[in-house]
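The residues making up each chain are set out below.
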Amino acid sequence: MQEYLRSTEIIDWEHPKIQKLAKKLALGSDDLVEITKRCFEWVRDEIYHSHDYCLNPITLKASEVLEAGTGYCYAKSHLLAALLRANGIPAGLCYQRLSRDENGEPFCLHGLNAVYLPDIGWYRIDARGNKKSVNAQYAPPEEMLAYEIKVEGEADLPEIWADPLPVIVDLLTVYDNYEDVWENLPDIPLIEQTKK
């Protein structure tokens, strides 16, 4: 579990402002399930999704997301992982492959988190931010993610990453405008599984 607890250049939970917020969100509780809920709801509701709100700057590091108050789903997942790790709760990054228009191609990656909860194990949460068509909630052990897999070619990718995928880091480093990020959301091909 150590890799899901460490501070990194991007999930920089040792940053003083992240430390301060993590402590504030955990105040008065030692229940990891409750602290996770507080962290999840704070990131979901208090950090604005860059595209939903047409906001710059483009953020990558958890501390940048906190400072700017905005981020794409990927960046928001970096901040949530940092807040959880700062509270000693193992957290990783997950991805879904989704249709951009719910009609098949083109596809893009969507970023979310997995958190390791006592008596439950790995549990996925999605703090991208709710809107009319999105209602992500925290209701363990039931997952209530922002998006369901509906179209052929979409997929819940099973890996739980300790660090963001390089293609995500590149996206949030190369582009400096929310519209450019939106136009260049990355996709990865699915590995075809042969039937036995």
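Here the structure is a predicted model, which means the values were calculated and not measured.

The rules behind these values
- Residues numbered from 1 in each chain as written.
- Predicted model: local features only at pLDDT ≥ 70, side-chain atom pairs only at ≥ 80, totals over all residues.
- Heavy atoms only, no water.
- Helix = DSSP H or I, 4+ residues; strand = E, 2+ residues; numbered from the N terminus.
- Rg over C-alpha atoms; globule rule 2.2 N^0.38 Å.
- Buried < 20%, exposed > 50% of the residue type's maximum accessible area, 1.4 Å probe, protein only.
- Contact = heavy atoms within 4.5 Å.
- Areas by Shrake-Rupley, 256 points an atom, 1.4 Å probe, with all protein chains shown as cover.
- Polar contact = N/O pair within 3.5 Å; in protein donor to acceptor, adjacent residues only side chain to side chain.
- Core = buried A, V, L, I, M, F, W, Y, C linked by side-chain atoms within 4.5 Å.
- Pairing = 2+ DSSP bridges.
- Axes fitted to C-alpha atoms, helices over the stretch in contact; angles between N-to-C directions.
- Parallel < 35°, antiparallel > 145°, perpendicular 65-115°, else oblique.
- Left-handed = near helix turned anticlockwise from the far one by under 90°.
- Nonpolar A, V, L, I, M, F, W, Y, C, P; charged D, E, K, R; others polar.
- Phe/Tyr/Trp six-rings, centres within 6.5 Å; stacked < 30°, edge-to-face > 60°.
- Lys NZ or Arg CZ within 6 Å of the ring centre and 35° of its normal.
- Salt bridge = Lys/Arg side-chain N within 4 Å of Asp/Glu carboxyl O.

A. Quick look at the overall build of the protein. A count of helices and strands for the protein gives six helices and eight strands. Walking the protein from its N terminus toward its C terminus, one meets helices and strands in the order α-α-β-α-β-α-β-β-β-β-β-β-α-α. Here the C-alpha radius of gyration of the protein, 16 Å, is about what a compact globule of 196 residues would show, namely 16 Å. Each of the three principal axes of the protein carries a C-alpha extent, and together these read 45 × 45 × 30 Å. Every one of the 196 residues in the protein was classed for burial, and the buried ones make up 49%. Residue pairs in contact within the protein that sit at least 24 positions apart in sequence constitute 61% of those at least 6 positions apart. Total accessible area on the protein stands at roughly 10,300 Å², and carbon and sulfur atoms take up 49% of it.

B. Quick look at the side chain of Asn 113. Mapped onto the elements of the fold, Asn 113 is located in strand S4 (residues 107–117). In terms of polar contacts, Asn 113 uses its side chain to reach the backbone carbonyl oxygen of Ser 77, at 2.9 Å. A polar contact is formed between the side chain of Asn 113 and the backbone oxygen of Gly 92, at a distance of 3.3 Å. Every residue in contact with Asn 113, bar those within four places of it in the chain, is listed here: Ser 77, Leu 80, Ala 81, Gly 92, Leu 93, Cys 94, Tyr 123, Arg 124 and Ile 125.

C. Examining the nonpolar core more closely. Among the nonpolar cores identified, the biggest contains 50 residues, and Tyr 74, Leu 79, Leu 83 and Leu 172 are the most heavily contacted of them. Among the elements that line this core, the one with the most residues is helix H4 (residues 73–86), at nine residues. Setting aside residues no more than four positions away along its own chain, Leu 83 makes contact with Ile 18, Leu 21, Ala 22, Leu 25, Cys 39 and Val 43.

D. Summary view of unusual backbone geometry. In this model, Asn 56 is joined to Pro 57 through a cis peptide bond whose omega is 5°. A cis amide bond links Glu 105 to the next residue, Pro 106, at an omega of 0°. Tracing the sequence through the fold places Pro 106 in the loop between strand S3 (91–99) and S4. Positioned with a positive phi, Glu 102 is a non-glycine residue whose angle comes to about 60°. Here Glu 102 is to be found in the loop between S3 and S4.

E. Spatial organisation of the pairing of S4. Among the 11 residues of S4, 10 are classified as buried, and the element is accordingly described as predominantly covered. In the sheet, S3 pairs with S4 via nine bridges, with the strands oriented antiparallel. Bridge assignment links Cys 94 to a residue of S4, and that residue is Leu 112. Hairpin connection, S4 to strand S5 (residues 121–125): the antiparallel pair is bridged by three residues, and Asp 119 has positive phi, about 65°.

F. A look at the packing of helix H1 (residues 16–26) against H4. In contact at an axis separation of 9 Å, H1 and H4 are set at 65° when each is read in the N-to-C sense. Between H1 and H4, the interaxial angle falls into the category roughly perpendicular. Two packed elements cross with a definite hand, and for H1 against H4 that hand is right-handed. Along the contact surface, H1 presents Ile 18, Gln 19, Leu 21, Ala 22 and Leu 25, while H4 presents Leu 79, Ala 82, Leu 83 and Ala 86. Here the residues of the contact of H1 with H4 sort into eight nonpolar, one polar and no charged.

G. Region of the structure containing the packing of aromatic side chains. By the definition in use, this model includes five aromatic pairs. Chaining the aromatic ring pairs together yields one cluster made of Tyr 4, Tyr 116 and Trp 122. For Arg 97, the ring lying beneath its charged end belongs to Phe 107, and the centroid distance is 4.1 Å. Arg 100 extends its terminal NZ or CZ atom over the ring of Trp 182, reaching a point 4.8 Å from the ring centre.

H. Structural detail: the pattern of salt bridges. Counted under the stated rule, the structure contains nine salt bridges. Where Asp 187 meets Arg 97, a salt bridge forms, and the shortest distance between an N and an O atom there is 2.6 Å. Of this pair, Asp 187 sits in the segment after helix H6 (178–183) while Arg 97 sits in strand S3, and the two are 90 residues apart along the sequence. The exposure class of Arg 97 is buried, given its relative accessible area of 10%.

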